Amino acid sequence: MDPEKLAERLVSWIRDKALAAGSKGVVLGLSGGVDSSVLAVLCQRAFPQTTLAVLMPCHSSQEYLAHARLVADKFSIPTKTVVLDSVYDSLLKVLPDDKVEPDVSRLAQANIKARLRMLALYYFANRLKYMVVGASNRGELTIGYFTKYGDGGVDIQPLGNLLKGQVRELAQFLGIPQPIIDKPPSADLWEGQTDEGELGFSYDELDRYLARGEASAEIKKRIDSMTSASEHKRQPPPVANL
């Protein structure tokens, strides 16, 4: 779809969903990545007077804040900054430090960051009567590359049917600063973390597989396995049928 028409449709969709729910506006987390940057601009177009972008650093890189502020300043998007470092540190002190594999421990701690951000967003949403908008794209939702009740804990996902490449094309059209589009995608959950390094394949490879079914046997197996294992993350909690 032409980027201009796509942007118009997404802006209308965001506005319609929020108004149908009785919301006065929208709130989102602005990380300085390409997905949340695109989302922030779309939300601002949908609700020029009632969009709030929240910056929520949690032992985050300086680039995280710099790029988020760059987008907010360029497009005149109102922001609030909630520094979560001390909250995160305090929570870790009271949680048991059971002996588990280092990678398991690191992921569990990283997920706390995503869930603290969700709490902060819903605090603003409740106070302002806004809707919480998520920035996950189609690839991330398909393979479960999001934190359950963290960045997956939102009311709507406008980018959820867009491949990463489509998000980048939309970013170019919207005028997102080029360094944000070009940098390696990262959730900034720990130092040096990148999405593609953690996944074991690139977003281009994921896009090709989702769009055309083209992938090496190894990557196909990995994507299919991740998709199957994360099915519970895309569904509401099962209810016992008695």
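What this report covers is the structure whose coordinates are included nearby. Keep in mind it's a predicted model, so treat the numbers as computed, not measured.

**Focus on the overall build of the protein chain**
In step 1: Looking only at helices and strands, the protein chain has 11 helices and 4 strands in total.
In step 2: Relative to the compact-globule value of 18 Å for 242 residues, the protein chain shows a C-alpha radius of gyration of 18 Å, a close match.
In step 3: Along the first, second and third principal axes, the C-alpha set of the protein chain runs to 50 × 50 × 45 Å.
In step 4: Residues classed as buried in the protein chain amount to 46% of the 242 residues present.
In step 5: Taking all contacts inside the protein chain whose residues are at least 6 apart in sequence as the whole, residues at least 24 apart take part in 74%.
In step 6: By element, 53% of the accessible surface of the protein chain is carried by carbon and sulfur atoms, the whole surface being about 12,900 Å².

**Brief notes about the packing of aromatic side chains**
In step 1: For the structure on display, the rule yields 1 aromatic pair.
In step 2: Between the aromatic rings of Y123 and F124, the centroid separation amounts to 5.6 Å while the plane-to-plane angle is 75 degrees, which identifies the pairing as edge-to-face.
In step 3: By relative accessible area, F124 is classed as buried at 14%.
In step 4: Over the face of the ring belonging to Y88 we find K113, whose NZ or CZ atom lies 5.4 Å from the ring centre.

**Details of the pattern of salt bridges**
In step 1: Applying the stated criterion to the full structure yields 5 salt bridges.
In step 2: K164 serves as the salt-bridge partner of D35, at 2.5 Å between the closest nitrogen and oxygen. Note that D35 is positioned in helix 2 (residues 34-46) and K164 in helix 7 (residues 164-174), a separation of 129 residues in sequence. In this structure, D35 and K164 share a single accessibility class: buried.
In step 3: Here D204 ties to R168 by a salt bridge, and the two come within 3.9 Å at their closest N and O atoms. Of the two residues, D204 sits in helix 10 (residues 203-212) while R168 sits in helix 7, which places them 36 residues apart along the sequence.
In step 4: By relative accessible area, D204 is classed as partly exposed at 43%.

**A look at helix 10**
In step 1: Within helix 10, the full set of buried residues consists of Y203, L206, D207, Y209 and L210. Around the axis of helix 10, the buried residues are gathered within 165 degrees of arc, so they sit on the same side.
In step 2: Residues of helix 10 that are buried in the fold lie against helix 6 (138-143), helix 7, helix 9 (195-199) and helix 11 (217-229).
In step 3: At the exit of helix 10 stands G213, carrying a positive phi of roughly 75 degrees.

**A short note on the environment of G150**
In step 1: With respect to the helices and strands, the residue G150 is situated in the loop between helix 6 and helix 7.
In step 2: On the basis of relative accessible area, G150 is assigned to the buried category, the value being 4%.
In step 3: For the pair G150 and G22, spaced 128 residues apart in sequence, the C-alpha separation works out to 23 Å.
In step 4: If near-sequence neighbours (up to four positions away) are discounted, G150 is found in contact with A114, R115 and M118.

**Let's talk about the sheet that holds strand 4 (residues 130-132)**
In step 1: Spatial ordering of the open sheet is given by 3-2-1-4, a layout of 4 strands whose pairing is parallel. The two strands at the open ends of the sheet, each matched to only one other strand, are strand 3 (79-81) and strand 4. On average, adjacent strands in this sheet sit at an angle of 25 degrees to one another, irrespective of strand direction.
In step 2: Note that strand 1 (residues 25-29) and strand 2 (residues 51-55) share 4 bridges and pair parallel. Note on strand 2: the bridge partner recorded for V27 is L52.
In step 3: Across the face of the sheet, helix 2 comes into contact with strand 1 and strand 2 while running at roughly 165 degrees to strand 1.

**Re a nonpolar patch on the surface**
In step 1: A surface patch of nonpolar side chains, about 250 Å² in accessible area, is lined by L91, V94 and L95.
In step 2: Along the chain, L95 turns up in the loop between helix 4 (85-94) and helix 5 (102-128).

Reading the values: rules and limits
- Residues numbered from 1 in each chain as written.
- Predicted model: local features only at pLDDT ≥ 70, side-chain atom pairs only at ≥ 80, totals over all residues.
- Heavy atoms only, no water.
- Helix = DSSP H or I, 4+ residues; strand = E, 2+ residues; numbered from the N terminus.
- Rg over C-alpha atoms; globule rule 2.2 N^0.38 Å.
- Buried < 20%, exposed > 50% of the residue type's maximum accessible area, 1.4 Å probe, protein only.
- Contact = heavy atoms within 4.5 Å.
- Areas by Shrake-Rupley, 256 points an atom, 1.4 Å probe, with all protein chains shown as cover.
- Phe/Tyr/Trp six-rings, centres within 6.5 Å; stacked < 30°, edge-to-face > 60°.
- Lys NZ or Arg CZ within 6 Å of the ring centre and 35° of its normal.
- Salt bridge = Lys/Arg side-chain N within 4 Å of Asp/Glu carboxyl O.
- Arc of directions from axis to C-beta.
- Pairing = 2+ DSSP bridges.
- Axes fitted to C-alpha atoms, helices over the stretch in contact; angles between N-to-C directions.
- Patch = residues over 30% accessible without salt bridge, like charges linked within 9 Å, V, L, I, M, F, W, Y side chains within 5 Å.

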